[in-house]
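Inside the fold
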Amino acid sequence: MKKKIKTLFMNIAKKNLVFRKIIRRALYIIRYVRYKVRGFGQKIDDKLILFSTFNGKSYSDSPKAIYLYLLNNDKYKEYKFVWTFKEPENYKFLRENKNTSIVKQGTKEYEKCMQKAKYWFLNYRVADHIYPKKDQVYVQCWHGTPLKKLGYDIDKTDNALNTLKELRYKYNIDAKKFKYMLSPSKFATEKFITAFNLKELGKEDCIIEEGYPRNDFLYNYTEIDIENIKKKLNIENTDKKIILYAPTWRDNQHQAGIGYTYKTEVNFEKMQKELGQDYIILFRAHYFVSNSFDFERYKGFIYDVSKVDDINELYIISDMLITDYSSVFFDYANLKRPIIFYMYDFEQYKNNIRGFYIALKELPGSITKTEDELIKEIKKMNNNFKYNKIYEEFNKKYNYLDDGKATERVINKILKLEEIK
């Protein structure tokens, strides 16, 4: 019954702006008051650090890299770590690590931890009603170098749940809470400042431009890591080349009661006929996408890896990446492997849904818009891939700070700044 009511309200909210504003405001007030009450009397623990990725959906990204660095460094052996998850039962293994606990997101215990932890390392927006105290340090790690426009830089939108004004409000309210925000490059810094309205908020100096901690793994992984990951996915006994297909989500594809959905615009039957002899495909849906996919008829050719927490594991075992407008290619480019862009809805995406920060001629790979072009390009890349001048210049511009040591630089920079203050 609760789910049905929620779905009904969601459908009405999608169609009625006034109703949506009233409901959101009412929920905000209720949650804000509850958060304040739960935090009454809670003192900040200077050696408690809280981590969360993708709003509690996974154990991954830069917060994971930072956590592992701190966990394995004797300098921080007296610190305590807490991870927040929507489904904590899936992450019980973390309790085996020293000084580590896990809590369920949205609970009373979670909100108490948010108010006690000195440091927050998140890679996604924190809930609107949750505010850091004066002496708490909220580090926004974010989750990628942007290709598509964000926040205040979006000048048109076909978003199913938010108007342009509502989108900007969400970015603005979160940016006010930042103490620091991580950036992998000068380019990303410039975009984050405008997208999050940091100049107007007087927070331009909150950016820490030292590279992405999450990409350290792409420089430090071992052959044993590759073997273990393939074994976990049951693809260890194959000589076929591995393609990672990782499309992004569409702002205008949303279903009440489910969430954002994605329609696979690929004829996998045709791809299996053309490529099945030499390739397997790892299909990775964006973390926003809530619908499931049935690839049973393509068993042995397509593996749904959408539930693999850390996409870095998929990067290092893949021989090639196919994506569209997702930022995954920025990170994958560190490996200097083939990248193909399948932009079947390019005009609609550019003109109606988002818009791009960089010229497509800068992309480190070929752009295809039809399945025939895609299949042809895959076959071409099989034996003819070259790390060319365009690819090299791309990495020099966007990935020059990724070198396997970003985590250490980030931690040292934050702690130094905090000591000064």
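Residues numbered from 1 in each chain as written. Predicted model: local features only at pLDDT ≥ 70, side-chain atom pairs only at ≥ 80, totals over all residues. Heavy atoms only, no water.

1. Structural notes on the pattern of salt bridges
- Scanning all chains against the criterion turns up 20 salt bridges.
- Notably, a salt bridge pairs Arg34 with Glu111, separated by 3.9 Å at the nearest N-O pair. Linking Arg34 in helix H2 (residues 17-38) with Glu111 in helix H4 (residues 108-116), this pair joins segments that are 77 residues apart in sequence.
- By relative accessible area, which is 2% here, Glu111 ends up buried.
- Its salt-bridge partner being Glu210, residue Arg409 comes within 3.3 Å of it at the nearest N-O pair. With Arg409 in helix H15 (residues 406-420) and Glu210 in the loop between strand S7 (207-209) and helix H7 (217-220), this pair connects stretches of sequence that are 199 residues apart.
- Relative accessible area serves as the criterion here: at 24%, Arg409 is assigned to the partly exposed category. (Salt bridge = Lys/Arg side-chain N within 4 Å of Asp/Glu carboxyl O. Helix = DSSP H or I, 4+ residues; strand = E, 2+ residues; numbered from the N terminus. Buried < 20%, exposed > 50% of the residue type's maximum accessible area, 1.4 Å probe, protein only.)

2. Quick word on the sheet that holds strand S1 (residues 45-52)
- Spatially, the seven strands line up as an open sheet ordered S3-S2-S1-S4-S5-S6-S7, and their pairing is parallel. Of all strands in the sheet, those bounded by a partner on one side alone are strand S3 (100-104) and S7. In this sheet, neighbouring strand axes are inclined to one another by 25 degrees on average, regardless of whether the strands run parallel or antiparallel.
- Two strands pair when backbone bridges link them, and strand S6 (residues 180-183) and S7 are joined in this way by three bridges, in the parallel orientation. Paired with Ser183 across the strands is Glu209, a residue of S7. (Pairing = 2+ DSSP bridges. Axes fitted to C-alpha atoms, helices over the stretch in contact; angles between N-to-C directions.)

3. Some details on the packing of aromatic side chains
- Applying the stated criterion to the full structure yields 40 aromatic pairs.
- Ring centres 5.8 Å apart and planes at 10 degrees place the aromatic pair Phe346 and Phe356 in the stacked group. Note that Phe346 is positioned in helix H12 (residues 346-353) and Phe356 in the loop between H12 and strand S15 (366-368), a separation of ten residues in sequence. A single burial state applies to Phe346 and to Phe356, both of which are buried.
- An aromatic cluster is present here, built from Phe51, Tyr59, Tyr67, Phe81, Trp83, Phe85, Tyr91, Phe93, Tyr119 and Phe121 joined pairwise through their rings.
- Stacked on the ring of Tyr131, the Lys or Arg Lys177 has its end atom at 4.5 Å from the ring centre. (Phe/Tyr/Trp six-rings, centres within 6.5 Å; stacked < 30°, edge-to-face > 60°. Lys NZ or Arg CZ within 6 Å of the ring centre and 35° of its normal.)

4. Description of the side chain of Asp324
- Within the element layout of this structure, Asp324 appears in the loop between strand S13 (320-323) and helix H11 (328-332).
- Engagement of the side chain of Asp324 in a polar contact is seen with the backbone nitrogen of Ser326, the distance being 3.5 Å. (Polar contact = N/O pair within 3.5 Å; in protein donor to acceptor, adjacent residues only side chain to side chain.)

5. Section: the side chain of Asn399
- Position of Asn399 among the secondary structure elements: in the loop between helix H14 (389-398) and H15.
- For Asn399, a relative accessible area of 5% translates into the label buried.
- Beyond its immediate sequence surroundings of up to four residues, Asn399 is in contact with Phe330, Ala333, Asn334 and Phe394. (Contact = heavy atoms within 4.5 Å.)

6. Considering the pairing of strand S5 (residues 137-140)
- Residues of S5 alternate between two faces, with Val137 and Val139 on one and Tyr138 and Gln140 on the opposite face, all of them buried.
- As paired strands, strand S4 (residues 117-122) and S5 are joined by four bridges and run parallel to one another. Paired with Tyr119 across the strands is Val137, a residue of S5.
- Pairing geometry for S5 and S6, over two bridges, is parallel. Opposite Val139, over in S6, you have Tyr180 as the bridge partner.

7. Overview of the nonpolar core
- Among the nonpolar cores identified, the biggest contains 68 residues, and Trp120, Phe192, Phe196 and Phe329 are the most heavily contacted of them.
- Those residues in contact with Phe192 that lie beyond four places of it in its chain are Trp142, Gly144, Pro146, Leu150, Met181, Leu182, Ser183, Pro184, Asn197, Leu198, Ile207 and Tyr212.
- In terms of nonpolar packing, the next biggest core, distinct from the first, is built from 27 residues, Tyr67, Trp83, Leu182 and Ile414 among them. (Core = buried A, V, L, I, M, F, W, Y, C linked by side-chain atoms within 4.5 Å.)

Shape is all these values report; function is a separate question.
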